[in-house]
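# Structural features, examined
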Amino acid sequence: MKIFKVLITVVINTFLYALSFVLLFYLLTKITAWGTYFLVLKPKAEEMTYDLVSYVEANNRPFTEEMLAQYVESQRGVGYLKDNDKVSILYSQNTNDHRFTIRVRFHATYLDTLIYPEVATIEVNGVNNGNPPNPRLFNSYDEWLK
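I will try to describe carefully the structure that is included in this document.

## Considering the sheet that holds strand S1 (residues 85-93)
Taken in spatial order, the four strands of this open sheet run S3-S2-S1-S4, and their pairing is antiparallel. The open sheet terminates on both sides in strands that have one partner only, identified here as strand S3 (120-127) and strand S4 (137-142). The average angle at which neighbouring strand axes cross in this sheet is 10 degrees, direction not considered. Bridging between strand S2 (residues 99-108) and S3 involves eight bridges; their strand directions are antiparallel. Its bridge partner lying in S3, Arg105 is registered against Thr121. Together, S1, S2 and S3 form the strand contacts of helix H1 (residues 2-59), whose direction differs from that of S2 by roughly 150 degrees. Helix-sheet contacts for helix H2 (residues 65-77) involve S1 and S4, and the interaxial angle to S4 is about 30 degrees.

Okay, here's the thing in structure tokens:
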């Protein structure tokens, strides 16, 4: 009877240690993913979005697809974007309306392939005081499609 109690105690303790190890591993990977999201992905997406909005508002002209691609390449050229960073930019402006919307989706894997941080998506509205487009303007740059 005493051996049976010891055996049950060993099995229960082994199960609790294994469960604790799995939960600790999950928590550590989530903390790393959240840290990457809040310290890297979201600030980069916000900065890129506000750069683009301020450019449009200061120059009074909408973005073209070529301009969006040049902006991303210039950010890569100065080292702000790394090779493992993926960016998607959407610029839209309605017909005969000075308001526009820019949405930036940003994804990067900095640690390894086991940890997938969420994609940071920032959307900002602005006012383009230049001439609004005649047809609806819908330009985008998407590295996920390449």
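## Here we look at the pattern of salt bridges
Applying the stated criterion across every chain, the model contains four salt bridges. For Lys44, the salt bridge identified is with Asp85, shortest N-O distance 3.5 Å. A residue pair is termed long-range when its members are at least 10 positions apart, and Lys44 in helix H1 and Asp85 in strand S1 qualify at 41 residues. Classification of Lys44 as buried rests on a relative accessible area of 12%. Ionic pairing is found between Asp97 and Arg99, a salt bridge with its closest N-O pair at 3.0 Å. Residue class for Asp97 comes out buried when judged on its relative accessible area of 17%.

Procedures and definitions
- Residues numbered from 1 in each chain as written.
- Predicted model: local features only at pLDDT ≥ 70, side-chain atom pairs only at ≥ 80, totals over all residues.
- Heavy atoms only, no water.
- Pairing = 2+ DSSP bridges.
- Helix = DSSP H or I, 4+ residues; strand = E, 2+ residues; numbered from the N terminus.
- Axes fitted to C-alpha atoms, helices over the stretch in contact; angles between N-to-C directions.
- Contact = heavy atoms within 4.5 Å.
- Salt bridge = Lys/Arg side-chain N within 4 Å of Asp/Glu carboxyl O.
- Buried < 20%, exposed > 50% of the residue type's maximum accessible area, 1.4 Å probe, protein only.

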